[in-house]
Amino acid sequence: MAEVIKIDDNTWRFEDGFVRFFLVEGDEKAAMIDSGVNCPNALEMAKELTDKPVILINTHGDGDHTSGTNGFSHIYIHPSDYEKCEVNTRYPGTDLKEINDGDVIDLGNRPLKIIHIPGHTSGSVAILDVKKRALFAGDSVQKGHIFMFGNKREPENYEASLEKLASFESEYDLIYASHDECILPKDYVEKVKEAWKLVNSGDVPFEIVELYGNKVRSYTTEYCGFYLEDM
Ligand SMILES: [Zn+2]
């Protein structure tokens, strides 16, 4: 059961162990942004906070962001994560509503802009809460370790995605992350980009760790960490 914390009159965060997700409410409907790792009742919890219809929008399709999916008839997610992260097979009763770069989902006086940022997963998106000037970045910008190994990742596109996020910098004042510290300053995009470039330059030492049956490289930098394929 996640702990609910109010951010403002129509925004909440749900702390679900090592991950968090969000509920944002507009004049006509509300959107859950992700649904946690151990929260199959996410929709019921949302309904205690809002009387508006609730839709589910995912920043990406990893298992620690999708536990409440079953409660919804549709999931708004980038189509490549619906496939590659196997959301389609894990939650067969929940149909795909495609979100793509540049889409705007308006909750009623609360537009959410979709920015496609492949890297952490190929279908990762950031969600710009336009009027609140806040960016929900999923796992792509955070202080913790960012997973970059396995088939569903696109590390080769990650730097360009961070550059793309930085190009929207005049449109947000803060970043909500899904792991580790919740609120990050907007220049954290640049910091994660610097860390990523440093890791790829080969100048950062790593250690081999075992994660979900994979031996991967664990890099730790001043700003965040990365788990990479051990070549
Ligand atoms: Zn995650």
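In this text the structure is predicted, and so the values were computed from the model without any measurement.

Scoring rules and cut-offs
Residues numbered from 1 in each chain as written. Predicted model: local features only at pLDDT ≥ 70, side-chain atom pairs only at ≥ 80, totals over all residues. Heavy atoms only, no water. Helix = DSSP H or I, 4+ residues; strand = E, 2+ residues; numbered from the N terminus. Rg over C-alpha atoms; globule rule 2.2 N^0.38 Å. Buried < 20%, exposed > 50% of the residue type's maximum accessible area, 1.4 Å probe, protein only. Contact = heavy atoms within 4.5 Å. Lys, Arg positive; Asp, Glu negative; His and termini not counted. Charge placed at Lys NZ, Arg CZ, Asp CG, Glu CD. Core = buried A, V, L, I, M, F, W, Y, C linked by side-chain atoms within 4.5 Å. Donors = N, O, S within 2.8 Å, 3.2 Å for Na, K, Ca; no water. Tetrahedral: all angles 85-135°; square planar, octahedral: opposite > 155°, others 65-115°. Pairing = 2+ DSSP bridges. Axes fitted to C-alpha atoms, helices over the stretch in contact; angles between N-to-C directions. Salt bridge = Lys/Arg side-chain N within 4 Å of Asp/Glu carboxyl O.

Draft legend 1. Quick look at the overall build of the chain. From N to C terminus, the chain includes five helices and 17 strands. The C-alpha atoms of the chain give a radius of gyration of 17 Å, which matches the 17 Å a tight globule of 231 residues would have. Its C-alpha atoms give the chain principal-axis dimensions of about 50 × 40 × 30 Å. The buried share of the chain, taken over its 231 residues, is 55%. A fraction of 52% describes how many contacts in the chain between residues 6 or more apart in sequence connect residues 24 or more apart. Mean positive and mean negative side-chain charge positions of the chain (24 and 42 charges, respectively) differ by 3 Å.

Draft legend 2. Quick peek at the nonpolar core. With 30 residues, the main nonpolar core has Val141, Leu165, Ile175, Val192 and Phe226 as its most contacted residues. When residues in this core are grouped by element, the largest group, six residues, is from helix H5 (residues 188-201). The residues touching Val192, leaving out its near neighbours within four places in the chain, are Ser140, Val141, Gln142, Ile146, Tyr158, Leu162, Cys224 and Phe226. Judged by nonpolar contacts, the second largest core, of 21 residues, contains Leu23, Val54, Phe72 and Ile75.

Draft legend 3. Highlighting the coordination of the zinc ion. Taken together, Asp64 (OD), His65 (NE2), Asp139 (OD) and His179 (NE2) make up the protein donors of the zinc ion, found 2.1 to 2.3 Å from the metal. Coordination at the zinc ion comes from four donor atoms whose angles at the metal span 87 to 158 degrees, giving a geometry best classed as irregular. Taken in sequence order, the residues that donate to the zinc ion follow the motif D-H-x73-D-x39-H. Within this pair, whereas His65 is found in the loop between strand E5 (54-57) and strand E6 (74-77), its partner His179 is found in the loop between strand E13 (174-176) and strand E14 (183-185), the two being separated by 114 residues in sequence.

Draft legend 4. Layout of the environment of Phe18. Residue placement: Phe18 occurs in the loop between strand E2 (11-16) and strand E3 (19-25). For Phe18 and Val37, which are 19 residues apart along the polypeptide, the C-alpha to C-alpha distance reads 8.4 Å. Each residue touching Phe18, except ones within four places of it in the same chain, is listed here: Val37, Asp64, Ser178 and His179.

Draft legend 5. Looking closely at the sheet that holds strand E15 (residues 206-211). The four strands lie next to each other as E12-E17-E16-E15, forming an open sheet whose pairing is mixed. Whereas interior strands pair on both sides, the edge strands pair on one side only; in this sheet they are strand E12 (145-148) and E15. Neighbour-to-neighbour, the strand axes of the sheet open up by a mean angle of 30 degrees, direction not taken into account. Examined bridge by bridge, E15 and strand E16 (residues 214-220) share six bridges and lie antiparallel to one another. Note that in E16 the partner of Glu207 across the bridge is Ser218.

Draft legend 6. Geometry of the sheet that holds strand E9 (residues 111-116). One open sheet holds the six strands; their spatial order is E8-E9-E10-E11-E13-E14, and the pairing between them is mixed. The sheet is open, and its two borders are formed by strand E8 (104-106) and E14, each paired with just one other strand. Within the sheet, the average angular offset between the axes of one strand and its neighbour, ignoring direction, is 25 degrees. Bridge analysis of E13 against E14 gives three bridges, and the strand direction is antiparallel. Among the inter-strand pairings, Leu174 is bridged to a residue of E14, identified as Pro185.

Draft legend 7. Layout of the pattern of salt bridges. Enumeration over the complete set of coordinates arrives at 18 salt bridges. Residue Asp129 is joined to Arg110 by a salt bridge in which the shortest nitrogen-to-oxygen separation is 2.6 Å. In this pair, Asp129 sits in strand E10 (residues 125-129) while Arg110 sits in the loop between E8 and E9, placing the two residues 19 residues apart along the sequence. For Asp129, a relative accessible area of 1% corresponds to the buried category. For Lys143, the salt bridge goes to Glu181, with nearest N and O atoms at 3.1 Å. Here the residue Lys143 occupies a position in the loop between strand E11 (134-136) and E12, and Glu181 occupies one in the loop between E13 and E14, the gap between them amounting to 38 residues. A relative accessible area of 30% means that Lys143 is categorised as partly exposed. The exposure class assigned to Glu181 is partly exposed, which follows from its relative accessible area of 39%. Taken together, the shared-partner salt bridges connect Arg13, Glu15 and Arg20 into one network.

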